[in-house]
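# Structural features, examined
This is what each chain is made of:
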Amino acid sequence: MVGDWRVSLAEIDAMGRKAARGAGFSWGMAEEAGRAARWLAAYRLPGPEALVAVLNQVDAAVPEHAPRIDDDVWYCNAEALCPIASGAALSDRAEAIVQGGSFRLGPVIWPVLVVPFLCRAARDLDCAMTLSGGDFLIHATREGPVARDWWAVTMPLSRELLVTRTMESPGELRRPGPDAHVLPVALWRRLDHFAQRTYAPATEASRRAGAGAGLIDRD
Amino acid sequence: MRLARMGSFHPTRLSFMQSLLRRLAREAWRFERGCWEIDDKGVGHAVYSVRGPARAYSLVCFAHDLPDEMRSDRVIATAWDATFALFDGVPTQNDIDRLARNVPKQEAGRVSDDELSLSRANRSVRLFEYVVGCLAEGRQPDRAEIDAVGYLMRTTAVYGSGKFGAADRVKIAGRPELKGPFQAEMLSVWLTRSFTLDLVEHMARVRGGAQAVAIDPVLRRRFGVGNSTGLGMAPFLINHPVLLNNWIMAREEALARVRTLAGADRDNVAGFRAALARATENVELWQSEHPVQKQKLAGLRKDLDTLTVRCGADASFTKPQPWNALWLWAEGALSLEGQELLVSLLLEPQGDLVDDLADCMDADEDAAFRIDGSMTTPALRGILAELFDWALAVDYDAAPNCARFWYVSEEKLEPRLGERVSEEGAEYEQPLSTGRDSAQMAADLDDWQGELSVAAFLLAHPEHRHTARRAQIAARYPYAEIRDNLISSDLMPIDLLRCKLSFFGADRFDPRSDRWVRICMYRDAPFPHEILQAPQ
């Protein structure tokens, strides 16, 4: 299992969704996972790579990694927060951030996966938000993500993250592209390993009736 | 938005094949068959290219020598009579060599983001052999034999939008010619049709030598491209609610525009009657062995007789809002098949009035993806009460109301439909039970004691996240939701297929069971060499 594999953005979305479902996310949350991985890949950021790492860590313990919200401070019952569940919850509360609220959460696994949620909210609500913690600093603007140090935003764990409204967003704005994403074959297979759990094993009945082809398909 | 009606749709002038051909002709695209390297056994490759104002596209075709015992339309097949890729531009020999290593393998191969679609087709063995035989002997095939099948080859899958490594939709969505839904796939099928006719003439020349003749151009038009579609396509309309909304909205808006016309001018009446006559001929030739479709066809033929009588007298078009009067009459006088065919007929002569709507049928699905967490839970419950009332009253514990489950098979990674009582695997159920899921969310909303925001509700109930998204989409997009129980024992999956295929522009729907259907595409349509010029 060596070598690189080129995948389209649509394949990342579909595979990410199935893999997240396979790891135990609800369908609606799994949709968020696929979209987030795809979104990052379009910006040449490690979307599927981050998602694999998250699924490895939260596998079969998804609820424990979901945020518990105690006023403005978010924590969880596991060692670190899931960025998919956290990102979705932040997206759901984006209006509160726009109105000046802030949230403190951590530690967070692969915090870059939170960025797509904030950027989509920033676009839909025409505003900007900042996600910061230690060396991790990224602005979610309606045009896309803005950062000064793109290496620092791909850290595997952030001790604490602060989410606030942004007045200024200095740094380099990234633009999305349609290009395929290149990743190690082994990593794609790992996603597929999770996705396989969503497929029903074939039975004689399903082979016979499932697709509905009982007739001879020649003429 | 009931399945019985959607399963009675017919293609209209807003269908994707029709709008594609209008654009290519309007923009004076150029056409050439750049390469034909097919040997005496019918094996080799060919390239068909079209060039528009800004870009060119090429169908790269691979013809194979497929033993009869390997020919299967099932998605599980591993070999085909012909395989294809739509290339973005005009391919070099290197591109063709690369595609030759991958395209014939289909799912087991890999294409690149220079490719916009990947597809395959099998021969209609009977008609292909018959036509080769006729032409080789220097005579034309019999029209009735052609009409009985309608195509030389049928595609068994046309993959686009990033599948198997092909270009993502994002790459082409900004191009005017491919912005509309499935335009790349429709272009690929149109060029495939030319290939099938060229191939049958080639094989006739091999067999008959100097004696062989080409197909008469009038007869040539009677060949379309067949297609065999199963459950794999069924979840699409459910998984793309905004896109579905935009398709239906365009169709409804077009119908509304025609119905509000104050009068009917002579050209429009003549155009309508001509369309009615063509439709009558087409329905005469439309065959199906499926009991449900046979019954629908009998009703449709009766409808056409009734409609022809109703529209025979000029007086019926001289009253105010004559098209609206016709429509209101049809709602009481015709079956669903007849009413939906009338939609197509009403639009047919009104190109100036409705064709712009073809530009509104794509969708920015990402713009509708984010859930509004600031919505109150009573507001979300209110959406369900208003727009999902059809779903809330159903008792999903009763066996017929939850008889089926949608799943994806491990063996072929394709959507399937299982019987909940008698089959294993319900724990793998896909989120396509829209009615039951909305009823379950409504029940949990009724019991909700927490903070009155959707954000708080979904934090406690992540299992309702996909349903909350659907509900909010349905509130913004009136035609996003199919208002039927998709796991009911009386679900006819072919209704989903027919709706989608009618938007493609397909006709002669011939269900082979309740879950797969044969169709014909581009029958009677012009060929590229007839409406496009050769390159300058």
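Since the model is a prediction, treat every value here as computed from it, not as a measurement. (Residues numbered from 1 in each chain as written. Chains lettered and ligands numbered in written order. Predicted model: local features only at pLDDT ≥ 70, side-chain atom pairs only at ≥ 80, totals over all residues.)

Residue and element names in this part refer to chain A. It is at 7 Å that the axes of helix H2 (residues 27-42) and helix H3 (residues 47-58) come closest, and there the two elements cross at 140°. Taken together, the axes of H2 and H3 are oblique relative to one another. Contact residues: H2 offers Ala33, Ala36, Ala37, Arg38, Trp39, Leu40 and Ala41, while H3 offers Gly47, Pro48, Ala50 and Leu51. Grouping the amino acids of the contact of H2 with H3 by side-chain chemistry returns nine nonpolar, one polar and one charged. (Axes fitted to C-alpha atoms, helices over the stretch in contact; angles between N-to-C directions. Helix = DSSP H or I, 4+ residues; strand = E, 2+ residues; numbered from the N terminus. Parallel < 35°, antiparallel > 145°, perpendicular 65-115°, else oblique. Contact = placed C-beta atoms within 7 Å. Nonpolar A, V, L, I, M, F, W, Y, C, P; charged D, E, K, R; others polar.)

All names here are of chain B. According to the domain assignment, chain B consists of domain 1 (3-230 + 519-531), domain 2 (241-362) and domain 3 (365-476). When each unit is reduced to the centre of its C-alpha atoms, the spacing between domain 1 and domain 2 is 29 Å. Counting residues at the interface gives 15 residues for domain 1 and 20 residues for domain 2. Looking at the side of domain 1 that touches domain 2, the elements with two or more residues in it are helix H1 (3-6) and helix H2 (16-26). Its residues assigned to classes, the side of domain 1 that touches domain 2 shows five nonpolar, five polar and five charged. (Domains from an automatic or database assignment.)

Packed helix pairs are specified by the crossing angle of their axes together with the interaxial distance, meaning the distance between the axes. All names here are of chain A. Put simply, helix H1 (residues 9-23) and helix H8 (residues 185-196) touch, their axes get as near as 6 Å, and they point 55° apart. Considering their axes alone, H1 and H8 lie oblique with respect to each other. As for the relative orientation of H1 and H8, their crossing is left-handed in sense. From H1, Met15, Lys18, Ala19, Gly22 and Ala23 reach across to H8, where they touch Leu191, Asp192, Phe194, Ala195 and Gln196. Among the residues forming the contact of H1 with H8, the class breakdown is six nonpolar, two polar and two charged. (Left-handed = near helix turned anticlockwise from the far one by under 90°.)

As a further point, take the pairing of strand S8 (residues 404-409) of chain B. The element S8(B) is largely enclosed, with a buried count of six among its six residues. Side-chain alternation along S8(B) places B:Arg404, B:Trp406 and B:Val408 on one buried face and B:Phe405, B:Tyr407 and B:Ser409 on a second face that is also buried. Pairing of strand S13 (residues 199-200) of chain A with S8(B), which is carried by two bridges, proceeds in the parallel orientation. Within S8(B), the position partnered with A:Ala200 by the bridge is B:Ser409. Sheet analysis places S8(B) next to strand S9 (residues 415-419) of chain B, joined by five bridges and oriented antiparallel. For B:Tyr407, the partnering residue across the bridge sits in S9(B) and is B:Arg416. Connecting S8(B) to the antiparallel partner S9(B) that follows it, the hairpin turn spans five residues, and B:Leu413 within it adopts a positive phi of roughly 55°. (Buried ≥ 20, exposed ≤ 12 C-beta atoms within 10 Å, placed from the backbone. Pairing = 2+ DSSP bridges.)

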